[in-house]
Amino acid sequence: MEETGKVSGWLGVAAAVVGLLAFFGITNVDELQRKLNPDSTNAAACKRADQAYKSYQEVTIYSSKAGAARAYAEELRHVVSATDNEELQAAFRANITSSELYAQARDSEAPYLDRVKLGVKIITDRGAWRSLCGELEKESG
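All values reported here derive from a predicted model rather than from experimental measurement.

## Some words on the nonpolar core
Right, so step 1: Ranked by size, the top nonpolar core spans 25 residues in total, and within it Y56, Y72, L88, F92 and W129 carry the most contacts.
Right, so step 2: Breaking this core down by element, the ones donating at least two residues are α3 (38–57), α4 (65–80), α5 (86–107) and α6 (112–140).
Right, so step 3: Sorting elements by how many residues they give to this core places α4 first, with eight residues.
Right, so step 4: Once you skip the residues sitting within four places of it in the chain, W129 turns out to touch C46, A49, D50, Y72, L88, A91, F92 and N95.

Here it is as structure tokens:
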């Protein structure tokens, strides 16, 4: 009987903790980690985005530039959900949009100059979030 009381007590404590976390909008372990250590999650998001951009740039002449741009945009979608920093999320989303527009232009065989402009936009948008990542690294370091 004593064991049953202990188990009930621990279940009650666990339910209270889960309820408290839910009250603050935390529904999984990743969200809890982001709340407890936002600098770490921002750094991880920036690192993952850097790796995605590196992969995008490594497209060979035998690969599809449109496919690489889509893969880059898809990876950035995951990166957006890995941080709670709204400014950083907005910069990643802008880069997602430019990457998707570039992929569409490549698929539709848009005029060369249009494709070049969209390719430059990807680089410009990457520069915006990279700059924010650099600022966040300085603040946390």
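## Here's the deal with the pattern of salt bridges
Right, so step 1: Applying the stated rule across the entire model yields eight salt bridges.
Right, so step 2: A salt bridge links D50 to R126, with the shortest nitrogen-to-oxygen separation between them at 3.2 Å. Remark: R126 occurs in helix α6 and D50 occurs in helix α3; sequence separation between them is 76 residues.

## What about the packing of aromatic side chains?
Right, so step 1: Evaluated as defined, the whole model comprises four aromatic pairs.
Right, so step 2: With centroids separated by 5.6 Å and ring planes inclined at 65 degrees, the aromatic side chains of Y53 and Y72 adopt a geometry described as edge-to-face. Pair noted here: Y53 is in helix α3 and Y72 is in helix α4, with a separation of 19 residues, a long-range link.
Right, so step 3: A relative accessible area of 1% places Y72 in the buried class.
Right, so step 4: Summarising the aromatic geometry, the rings of Y56 and Y72 are spaced 5.3 Å apart at their centres and angled 20 degrees between planes, so their arrangement reads as stacked. Of this pair, Y56 sits in helix α3 while Y72 sits in helix α4, and the two are 16 residues apart along the sequence. By the burial criterion, Y56 is buried, and Y72 matches it.
Right, so step 5: Put simply, the rings of Y53, Y56 and Y72 pair up and form one aromatic cluster.
Right, so step 6: For R126, the ring lying beneath its charged end belongs to W129, and the centroid distance is 5.3 Å.

The rules we used
Residues numbered from 1 in each chain as written. Predicted model: local features only at pLDDT ≥ 70, side-chain atom pairs only at ≥ 80, totals over all residues. Heavy atoms only, no water. Core = buried A, V, L, I, M, F, W, Y, C linked by side-chain atoms within 4.5 Å. Buried < 20%, exposed > 50% of the residue type's maximum accessible area, 1.4 Å probe, protein only. Helix = DSSP H or I, 4+ residues; strand = E, 2+ residues; numbered from the N terminus. Contact = heavy atoms within 4.5 Å. Salt bridge = Lys/Arg side-chain N within 4 Å of Asp/Glu carboxyl O. Phe/Tyr/Trp six-rings, centres within 6.5 Å; stacked < 30°, edge-to-face > 60°. Lys NZ or Arg CZ within 6 Å of the ring centre and 35° of its normal.

So, to be careful, I would describe these as geometric facts and stop short of saying anything about function.
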